[in-house]
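Fold and contact review
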Amino acid sequence: MAISKGHRFPIEFAEAFPQGLVLVGEVAPDNEFQSREDRAGGRPVRQRLDEVTGLRQWKATVTDPNEQNAKRASFVITFLAPVQPVPTTAEALPGMRPIELEGLTAEPRIAGNGEFKYQSYVFRASGFRAAGASGGRGQQKTSAAQEQGKSESANKAA
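Every value quoted in this text rests on a predicted model; they were computed, and no experiment measured them. (Residues numbered from 1 in each chain as written. Predicted model: local features only at pLDDT ≥ 70, side-chain atom pairs only at ≥ 80, totals over all residues. Heavy atoms only, no water.)

When the charged atoms of two side chains with opposite charge come close together, those side chains can pair. Summed over the entire model, instances satisfying the criterion amount to 7 salt bridges. Residue Arg 43 is joined to Asp 38 by a salt bridge in which the shortest nitrogen-to-oxygen separation is 3.3 Å. Its salt-bridge partner being Glu 107, residue Arg 124 comes within 2.7 Å of it at the nearest N-O pair. Here Arg 124 is found in strand E7 (residues 116-125), whereas its partner Glu 107 is found in strand E6 (residues 105-113), with 17 residues between them in sequence. (Salt bridge = Lys/Arg side-chain N within 4 Å of Asp/Glu carboxyl O. Helix = DSSP H or I, 4+ residues; strand = E, 2+ residues; numbered from the N terminus.)

Rendered as structure tokens:
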């Protein structure tokens, strides 16, 4: 049995992005290309629909702090949802907020030009998850640090 081109593999957020992601800017509609003639004719802008699910597409730029290559650290995530997804976390810096995604899928593709091609992925998600809800590696480190701090404070008290 072969895997068809364009197959979307479900993947856990903590597995794909062990250090999480940072949303840069806002989530916006993913609109179809509109030519000058269309704009001059007053035709309305149409939002793209996903060919597999039929849901509206939204896009957002994110940065992966775990990526070593600076050129590949920032990329666009496509959200598939009937209404615009809203981040559940507060901004850490103006225009930047740590995020976690739910309903994440990865579709392999080839990126790059000429002889400098590499394997990349198109990531899609259904929405945002409350930060720390995944129980991922980052949360385990925090729990271990909290336990160590509790034991140190108990030793000082004794």
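From this point, the narrative continues.
Once that is clear, we can look at the sheet that holds strand E5 (residues 96-102). Strand order in the open sheet made by the 8 strands is E1-E6-E7-E4-E3-E2-E5-E8, with mixed pairing throughout. Each edge of the open sheet carries a strand with a single partner, namely strand E1 (9-10) and strand E8 (127-129). Taken together, the 5 bridges between strand E2 (residues 21-29) and strand E3 (residues 57-63) define a ladder with antiparallel strand orientation. Each residue of the ladder has a partner; that of Ala 28, found in E3, is Lys 59. (Pairing = 2+ DSSP bridges.)

Moving on, we come to the packing of aromatic side chains. Counted under the stated rule, the structure contains 6 aromatic pairs. Ring centres of Tyr 121 and Phe 123 lie 6.0 Å apart, and the angle between their planes is 40°; this geometry places the pair in the tilted category. For Tyr 121, a relative accessible area of 40% corresponds to the partly exposed category. Through a chain of ring-to-ring contacts, three or more aromatic side chains come together here, namely Phe 13, Phe 17, Phe 75, Tyr 121 and Phe 123. One Lys or Arg, Arg 72, reaches over the ring of Tyr 118 and ends 3.6 Å from the middle of that ring. (Phe/Tyr/Trp six-rings, centres within 6.5 Å; stacked < 30°, edge-to-face > 60°. Buried < 20%, exposed > 50% of the residue type's maximum accessible area, 1.4 Å probe, protein only. Lys NZ or Arg CZ within 6 Å of the ring centre and 35° of its normal.)

Our next topic: the nonpolar core. Counting 19 residues, the largest nonpolar core has Leu 21, Phe 79 and Leu 101 as the members making the most contacts within it. Breaking this core down by element, the ones donating at least two residues are E2, E3, strand E4 (74-80), E5 and E7. Discounting residues that sit within four places of it in the chain, Leu 21 has contacts with Phe 13, Val 62, Thr 63, Asp 64, Pro 65, Phe 75, Arg 97, Pro 98, Ile 99 and Leu 101. (Core = buried A, V, L, I, M, F, W, Y, C linked by side-chain atoms within 4.5 Å. Contact = heavy atoms within 4.5 Å.)

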